[in-house]
Amino acid sequence: MFLGKRFTVNVNASARTQATSVTELEDSGDTNLDSTRLDASASVGVTWRATGRDSLTLTTSAQFVDFSRTVGTLTPSQSFGVSLGWARQATKTTTYTTVSYTHLRAHETRH
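Remember, it's a predicted structure, so these values are computed and weren't measured experimentally. (Residues numbered from 1 in each chain as written. Predicted model: local features only at pLDDT ≥ 70, side-chain atom pairs only at ≥ 80, totals over all residues. Heavy atoms only, no water.)

**Considering the nonpolar core**
The biggest cluster of nonpolar side chains holds 6 residues, and these are Val22, Leu33, Val65, Phe67, Val71 and Leu74. Excluding residues within four positions of it along the chain, Val22 makes contact with Thr31, Asn32, Leu33, Val71, Thr73 and Leu74. (Core = buried A, V, L, I, M, F, W, Y, C linked by side-chain atoms within 4.5 Å. Buried < 20%, exposed > 50% of the residue type's maximum accessible area, 1.4 Å probe, protein only. Contact = heavy atoms within 4.5 Å.)

See below:
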């Protein structure tokens, strides 16, 4: 996180792997197929404090899902998002979000 006089920048990233198994029906019968799932995500958010009580936040994000081997039912994907919000602090303990917009775009990739 970076703190400026009137703005804040937040950067987040994470990744994890997870063993997964799929059962598929083939001519010879059921077959168990093992794979490793990889999830990776990142986001960058910028908050600008327009006044002492008002702030504008813009955040972009991306998420990727992939697998170590190509299996018919395991589908790699990519998701991208952008959100914009305006908030007003009414009291020290209450903040109202007056306007918020979010756009997500997902894309599946086939091997």
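Once you've had a look at it, read on.
**Description of a nonpolar patch on the surface**
Taken together, the side chains of Phe7, Val11, Val44, Val46 and Trp48 define a hydrophobic patch exposed on the protein surface, amounting to about 420 Å² of accessible area. The set of elements that each furnish at least two residues to the nonpolar patch consists of strand S2 (7–26) and strand S3 (29–49). Top contributing element to the nonpolar patch by residue count: S3, with 3 residues. If you trace the backbone, Val11 turns up in strand S2. Exposure remark for Val11: the relative accessible area of 57% places this residue in the exposed category. (Patch = residues over 30% accessible without salt bridge, like charges linked within 9 Å, V, L, I, M, F, W, Y side chains within 5 Å. Areas by Shrake-Rupley, 256 points an atom, 1.4 Å probe, with all protein chains shown as cover. Salt bridge = Lys/Arg side-chain N within 4 Å of Asp/Glu carboxyl O. Helix = DSSP H or I, 4+ residues; strand = E, 2+ residues; numbered from the N terminus.)

**Points about the packing of aromatic side chains**
For any pair of aromatic rings, the description rests on two quantities: the centre-to-centre distance and the angle between the ring planes. Tallied over the full model, the rule gives 1 aromatic pair. For the ring pair Phe64 and Phe80, a centre distance of 5.8 Å and an interplane angle of 80° mean the geometry is edge-to-face. In this pair, Phe64 sits in strand S4 (residues 54–67) while Phe80 sits in strand S5 (residues 77–89), placing the two residues 16 residues apart along the sequence. Residue class for Phe64 comes out partly exposed when judged on its relative accessible area of 35%. According to the relative accessible area criterion, Phe80 is partly exposed, its value standing at 32%. (Phe/Tyr/Trp six-rings, centres within 6.5 Å; stacked < 30°, edge-to-face > 60°.)

**What to know about the side chain of Asp54**
Relative to the elements of secondary structure, Asp54 occurs in strand S4. Engagement of the side chain of Asp54 in a polar contact is seen with the side chain of Arg88, the distance being 2.7 Å. If we skip the residues at most four places from it in the chain, Asp54 touches Trp48, Arg49, Trp86, Ala87 and Arg88. (Polar contact = N/O pair within 3.5 Å; in protein donor to acceptor, adjacent residues only side chain to side chain.)

**Points about the confidence of the model for the protein chain**
Looking at the protein chain, pLDDT values average 83 and 78% of them are 70 or higher. For the protein chain, per-element mean pLDDT is lowest for strand S1 (residues 2–3), which scores 60, and highest for S4, which scores 92. (pLDDT = per-residue confidence, 0-100.)

**Let's talk about the pattern of salt bridges**
One pass over the structure, following the stated rule, counts 3 salt bridges. Between Asp39 and Arg37 there is a salt bridge, and its shortest N-O distance comes to 2.9 Å. Its relative accessible area of 28% is what places Arg37 among the partly exposed residues. In this structure, Arg88 engages Asp54 in a salt bridge whose closest nitrogen and oxygen atoms are separated by 2.7 Å. Residue Arg88 is found in strand S5, and its partner Asp54 is found in strand S4; the two are separated by 34 residues along the sequence. Arg88 sits in the partly exposed class, given a relative accessible area of 32%. A relative accessible area of 10% means that Asp54 is categorised as buried.

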